[in-house]
Amino acid sequence: MAGRHSRSLTGSKVRQMHRHANLRPNMDRLWSTLARSAEIGTTARGGLRRLALTAEDGEVRRVFQRWCEEAGCQLTVDGIGNMFAVRPGQEADGKVVLVGSHLDTQIKGGRFDGILGVLAGLEVIRTLNDHGIETRLPVAVVNWTNEEGARFEPPMIGSAIFTGDKSLDFALSRTDKDGITLGAALDAISFRGTGGLRPDQCDSLFELHIEQGPRLDAAKIQLGVVTGAFAVRGFVVEVIGETGHVGPTPMPDRHNALVGAAHVTLAIEEIGWELHPTGGKSTTMRLVAEPNLLGILPDRVEMTCDMRHPDNAVVSQALERFIARLPELEAKSRCKIRLHEGWSYGGMAFDRDRVGLVRGAAEALGYTHMDMLTEAGHDAMHVANHLPTAMIFTPCEGGLSHNELENVTLADIEPGVNVLLQAVLARAA
Ligand SMILES: [Zn+2]
């Protein structure tokens, strides 16, 4: 079946793609590699709990390292624990074609989010080995550290160190809920390295990922050509009230921080519905109340919120509208509400040429595909500001992700893995 978005390829790209056009990955091998990964950090409901830099993460890293070394790759690890398994190319100083994603998971995560992108990268290298293909440029599989941010905030910190967007000192000093620093956690699993790669040593990044949304599965389209990313603003809201006895304190005298948090939550939700017709979202995703005990009015709530939209300007305006409502929310709740500096990422288009290679491979292989933006955060979004980057989405069952029941079939992922192999070859061969 022809793809939805036909675009002609340049002559040289056609030649590059045709040279190894019949090359296919070994999907059964990839499937058993995914199954082995799913044995590390397995949850009762069949998902994964493999938080960044825990013993489970250390175990999967060592298994991945062994697989890469068996495939003849040289592993180099940087100061934040990003793992780069490099398969040399004919050009000794050739820039590296990166392919990969992350092996860490959410607290109740699935078996494929991130993991598919790393292990499909390994399968690309194994396939090149099977057929004795020497590439002009080196190809490396990357496992980014702490993509999920489920243990250390912010998320995607490994790729932000690679790009230089965040300092290593900042990253290593992040703490988890038990006060353990990221640096100490890296040392505990022996993955603080001194090597790694820099963006100026790399040619491109291709990240294959499950969609984590329902569109491809619902439309029965075989893969998504990701052309860019939603703009994301994350921020922390602090609500400050005053403690008091929940019995005798008269209603007019209360400064209950949870009431302030409720008003903030509803305001954030209303903005989400305002953004909804143009595809946007607005979410309160975390709330920590203090002292959070019986009999006492809470005096402090910290909330983490997130706004997303395809258009940078629209998401910025939405945040401004929220800020403009703060005095009203303070008056309603009789609490102080402070907005703390957050983070922003996304809002960019991926590289036209590399996206074109992905689309061209999908066309050449006869897969149905659609252009789409990523609404979830991915390391590719940090990297895209520094290196030509593209992403490929595979369908996932019901769009379910960040859930132990997240699922794909071999048939769901085969088109994406084939396209990944062809896109990597188009750059590296
Ligand atoms: Zn992911």
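Residues numbered from 1 in each chain as written. Predicted model: local features only at pLDDT ≥ 70, side-chain atom pairs only at ≥ 80, totals over all residues. Heavy atoms only, no water.

> Would you mind going over the overall build of the chain with me for this structure?
A count of helices and strands for the chain gives 14 helices and 12 strands. Here the chain has a C-alpha radius of gyration of 23 Å; the compact-globule value for 429 residues is 22 Å, and the two agree. In terms of its C-alpha atoms, the chain occupies a principal-axis envelope of roughly 80 × 45 × 40 Å. The burial tally for the chain puts 56% of its 429 residues in the buried class. Partitioning the contacts of the chain with sequence separation of at least 6, the portion at a separation of at least 24 is 79%. As presented, the chain carries roughly 17700 Å² of accessible surface, and 51% of it is formed by carbon and sulfur atoms. In the chain, 44 positive and 54 negative side-chain charges are present, and the distance between their average locations comes to 3 Å. (Helix = DSSP H or I, 4+ residues; strand = E, 2+ residues; numbered from the N terminus. Rg over C-alpha atoms; globule rule 2.2 N^0.38 Å. Buried < 20%, exposed > 50% of the residue type's maximum accessible area, 1.4 Å probe, protein only. Contact = heavy atoms within 4.5 Å. Areas by Shrake-Rupley, 256 points an atom, 1.4 Å probe, with all protein chains shown as cover. Lys, Arg positive; Asp, Glu negative; His and termini not counted. Charge placed at Lys NZ, Arg CZ, Asp CG, Glu CD.)

> Help me out: how do you make sense of the coordination of the zinc ion in this one?
As a benchmark, a tetrahedral metal site with four donors has ideal angles of 109.5 degrees, while an octahedral site with six donors has ideal angles of 90 or 180 degrees. For the zinc ion, the full set of protein donor atoms is His102 (NE2), Asp113 (OD) and His209 (NE2), at a range of 2.0 to 2.2 Å. Positions of the donor residues of the zinc ion along the chain correspond to the pattern H-x10-D-x95-H. Here His209 lies in strand 5 (residues 202-210) and Asp113 lies in the loop between strand 3 (96-101) and helix 4 (115-130), a separation of 96 residues in the sequence. (Donors = N, O, S within 2.8 Å, 3.2 Å for Na, K, Ca; no water.)

> Which parts of the structure should I look at to understand the environment of Ala229?
Inspection of the secondary structure assignment puts Ala229 in strand 6 (residues 223-229). Here the alpha-carbon distance between Ala229 and Ala349, two residues 120 residues apart in the chain, equals 6.5 Å. Residue contacts for Ala229: discarding those within four places in its chain leaves Gly346, Gly347, Met348, Leu373, Thr374 and Met381.

> Teacher, can you tell me more about the sheet that holds strand 5 here?
In sheet architecture, strand pairing relies on hydrogen bonds along the backbone and comes in two forms, parallel and antiparallel. Read across the sheet, eight strands follow the order 1-2-4-3-5-12-6-11 without closing on themselves; strand pairing throughout is mixed. Every interior strand has two partners, whereas the edge strands, strand 1 (74-77) and strand 11 (369-374), have only one. Strand-to-strand, the axes of this sheet are offset by a mean angle of 25 degrees, without reference to chain direction. Relative to strand 11, strand 6 runs parallel, the two being bridged by six bridges. In the strand pairing of strand 11, Leu223 is matched with His369. The sheet contacts of helix 4 involve strand 2 (83-87), strand 3, strand 4 (139-143), strand 5 and strand 12 (389-394), and relative to strand 4 the element is tilted by about 155 degrees. Each of strand 5, strand 6, strand 11 and strand 12 touches helix 12 (residues 352-364); the most contacted strand, strand 6, lies at about 170 degrees to it. (Pairing = 2+ DSSP bridges. Axes fitted to C-alpha atoms, helices over the stretch in contact; angles between N-to-C directions.)

> Can you walk me through the UniProt feature "binding site: Zn(2+) 1" (unreviewed entry) in the chain in this structure?
As recorded in UniProt, the sites labelled "binding site: Zn(2+) 1" (unreviewed entry) are His102, Asp113 and His209. Sequence-wise these annotated residues cover 108 residues; spatially they are packed, their C-alpha atoms never more than 9.7 Å apart. Taking relative accessible area as the criterion, Asp113 reaches 4% and is therefore assigned buried. With residues up to four places along the chain from it excluded, the contact list for Asp113 reads His102, Asp104, Glu148, His209, Ile210, Gln212, Ser401, His402 and Glu406. Residue His209 is classed as buried on the basis of its relative accessible area, which comes to 1%. At 3.3 Å, the side chain of His209 and the backbone nitrogen of Gly114 are in polar contact. (UniProt positions renumbered as here; feature names shortened; annotations may be inferred. Polar contact = N/O pair within 3.5 Å; in protein donor to acceptor, adjacent residues only side chain to side chain.)

> Is there a simple way to think about the packing of aromatic side chains in this case?
How two aromatic rings sit relative to each other is given by the distance of their centres and the angle of their planes. A complete count under the given rule lists five aromatic pairs for this structure. Look at Trp31 and Phe112: their rings are 5.9 Å apart centre to centre, the planes differ by 25 degrees, and that puts the pair in the stacked class. Of this pair, Trp31 sits in helix 2 (residues 27-37) while Phe112 is found in the loop between strand 3 and helix 4, placing the two residues 81 residues apart along the sequence. On the accessibility criterion, Phe112 (3% relative accessible area) is buried. (Phe/Tyr/Trp six-rings, centres within 6.5 Å; stacked < 30°, edge-to-face > 60°.)

> What should I look at first to understand helix 9 (residues 257-275) in this one?
Since there are 3.6 residues in each turn of an α-helix, residues three or four apart along the chain are aligned in direction. Here helix 9 contains 19 residues, and its C-alpha end-to-end distance of 27 Å stays within 8% of the 27 Å for a straight helix at 1.5 Å per residue. Every buried residue of helix 9 is listed here: Ala257, Gly260, Ala261, Val264, Ala267, Ile268, Ile271, Gly272 and Leu275. Along the axis of helix 9, the buried positions cluster into a sector of 145 degrees, meaning they face one direction only. The outward face of helix 9, more than 90 degrees from its buried face, is lined by the exposed residues Leu266 and Trp273. Contact partners of the buried residues in helix 9: strand 7 (231-240), strand 8 (281-290), strand 9 (300-309), helix 10 (312-324), helix 11 (326-333) and strand 10 (336-346). A distance of 2.9 Å separates the backbone nitrogen of Leu258 from a side-chain oxygen at the start of helix 9, and that oxygen is part of Asn256. (Expected span 1.5 Å × (residues − 1). Arc of directions from axis to C-beta.)

> How should the packing of helix 4 against helix 14 (residues 410-428) be read in this particular structure?
Each pair of packed helices gets described by two things: the angle between the helix axes and the distance between those axes. Where helix 4 contacts helix 14, the two axes come as close as 10 Å, and the packing angle between them is 60 degrees. Considering their axes alone, helix 4 and helix 14 lie oblique with respect to each other. Considering the relative orientation of helix 4 and helix 14, their crossing is right-handed. For the pair helix 4 and helix 14, the contacting residues are Leu116, Ala120, Gly121, Val124, Thr127 and Leu128 in the first and Ile413, Val417, Leu420, Leu421, Val424 and Leu425 in the second. The residue inventory of the contact of helix 4 with helix 14, partitioned by class, reads 10 nonpolar, two polar and no charged. (Parallel < 35°, antiparallel > 145°, perpendicular 65-115°, else oblique. Left-handed = near helix turned anticlockwise from the far one by under 90°. Nonpolar A, V, L, I, M, F, W, Y, C, P; charged D, E, K, R; others polar.)

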